Amino acid sequence: ADIRNVQRHIGNKNFDLIVGDICDLATCEQALEGADLLIHAAAESHVDNSFGNSLVFSQTNVVGTHCLMETCRKLKTPKIIHVSTDEVYGEVLEGEAHEEALLKPTNPYSASKAAAEMVIRGFMQSFNLPVIMIRANNMFGTRQYPEKIIPKFILMLNNDEKLTLHGNGENKRHFLAVRDFTNALMVLTNKGEIGECYNIGTTQEYQNIEMAKMLCGLFDKSEDDYITYVEDRPFNDGRYAVNWDKITALGWKPKISLEEQMPEIIKWYVERAERWAA
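Here is a short report on the structure shown in this document. Keep in mind that this is a model prediction, so the values were computed, not measured. (Residues numbered from 1 in each chain as written. Predicted model: local features only at pLDDT ≥ 70, side-chain atom pairs only at ≥ 80, totals over all residues. Heavy atoms only, no water.)

## Topic: the sheet that holds strand 4 (residues 138–140)
Stated formally: When DSSP locates at least two bridges between a pair of strands, those strands are taken to pair. Elements are defined by DSSP. Helices are runs of H or I of four residues or more, strands are runs of E of two residues or more, and each kind is numbered from the N terminus. Lines are fitted to the C-alpha atoms to define the axes, a helix being fitted only along its stretch in contact, and any angle between axes, read from their N-to-C directions, falls within 0 to 180 degrees. Residue contacts are counted whenever heavy atoms from the two residues lie within 4.5 Å of one another.
One open sheet holds the 3 strands; their spatial order is 4-6-8, and the pairing between them is mixed. Strands at the two margins of the open sheet, each flanked by one partner only, are strand 4 and strand 8 (205–207). The sheet shows a mean angle of 45 degrees between the axes of neighbouring strands, direction not considered. Relative to strand 6 (residues 172–177), strand 4 is paired through 3 bridges, and the arrangement is parallel. Its bridge partner lying in strand 6, F140 is registered against A177. Running at roughly 65 degrees to strand 6, helix 6 (residues 178–191) makes contact with strand 4 and strand 6 of the sheet. The sheet contacts of helix 7 (residues 208–218) involve strand 6 and strand 8, and relative to strand 8 the element is tilted by about 90 degrees.

Right, here's the structure in full:
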């Protein structure tokens, strides 16, 4: 998190920044007192980091979620939207995962997110907690922390560094615009059915090597000179894909093109490159 991402909102009457630990019940209670809606998007989220620091992921994603749900139960929060991930379905090499598919996480990150869902479902069953679950594709946009592939590669190219791809670089990911995602949140806030789960997806699918080549082209750098390969993860899902007909039926669909937005995203990161300078 970076306070500069929300700096312009501080002082607005409809904005209140609380700095605290999601695993602290008192902080959760301070944040949720009088709230009519909780959108729970807090999480440790980068798969690579989860291989080296998996206990932190369980602490934040599972224990933190448990603390929030316990607070919601105590305060009788009227509506909760929990932001999960498409990665709880595991690898989907062909077709698409529907909301009823079995959860088959394959790494410490996705396992912690699946575990968080199980905690929530226990609260839904035992205490009738009013939760809407969502599972979304990878996202893109400004203000994303540069451990993710797009901002990471932008900053590397801006520093004239070579891009590193795991394995052969052919792993596929769908990329959803963060603004399309927030529009989906608004639709579900108004029209989502309590107790239901909704996939939020996009048709924009790229191999990691395709993403690297696109960015090299936009920086006018040679693919041969600036793309290298490193050892793969212990297990690296080849593809994630979800079916999102359910939220489409509520009137939502993705509208923002990654390729059209990429120059604007590059400009944003290049202008703020000093934030992440070593």
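There is more to say, and it comes next.
## Some points on the environment of E264
Topologically, E264 is positioned in helix 10 (residues 258–271). For the pair E264 and N236, spaced 28 residues apart in sequence, the C-alpha to C-alpha distance is 30 Å.

## With respect to unusual backbone geometry
To keep things clear, this is the line we draw: When a residue's accessible area, from a 1.4 Å probe over protein chains only, is under 20% of the maximum for its type it is buried; when over 50% it is exposed; and in between it is partly exposed.
Its identity is not glycine, yet R143 carries a phi of approximately 70 degrees, on the positive side. Within the element layout of this structure, R143 appears in the loop between strand 4 and helix 5 (149–158). Owing to a relative accessible area of 37%, R143 belongs among the partly exposed residues under this scheme. One non-glycine residue, D160, adopts positive backbone phi at about 60 degrees. Of note, D160 is situated in the loop between helix 5 and strand 5 (163–166).

## Section: the side chain of D86
Selection rule: His is not counted here, nor are the chain ends, while Lys and Arg score as positive and Asp and Glu score as negative. When a carboxyl oxygen of Asp or Glu is within 4 Å of a side-chain nitrogen of Lys or Arg, the pair counts as a salt bridge. Whenever two N or O atoms come within 3.5 Å, that pair is a polar contact, provided that in protein one can donate a hydrogen and the other can accept it, and provided that, for residues adjacent in sequence, both atoms are side-chain atoms.
Structurally, D86 is set in the loop between strand 2 (80–85) and helix 4 (108–127). One buried charged side chain, D86, makes no salt bridge at all; its nearest oppositely charged neighbour is R173, positioned 7.2 Å away. At 3.3 Å, the side chain of D86 and the side chain of T85 are in polar contact. With sequence-adjacent residues up to four places away left out, D86 is seen in contact with R135, A136, N137, N138, Y240 and V242.

## Remarks on a nonpolar patch on the surface
Our working rule: Patch construction takes residues with relative accessible area above 30% that form no salt bridge. Like charges are linked within 9 Å, and nonpolar side chains (Val, Leu, Ile, Met, Phe, Trp, Tyr) are linked within 5 Å. Using the Shrake-Rupley algorithm and a 1.4 Å probe, accessible areas are obtained, with residue cover drawn only from the displayed protein chains.
On the surface, I3, I10, L17 and V19 cluster together into a nonpolar patch covering about 380 Å² of accessible area. Relative to the elements of secondary structure, L17 occurs in the segment before helix 1 (25–32).

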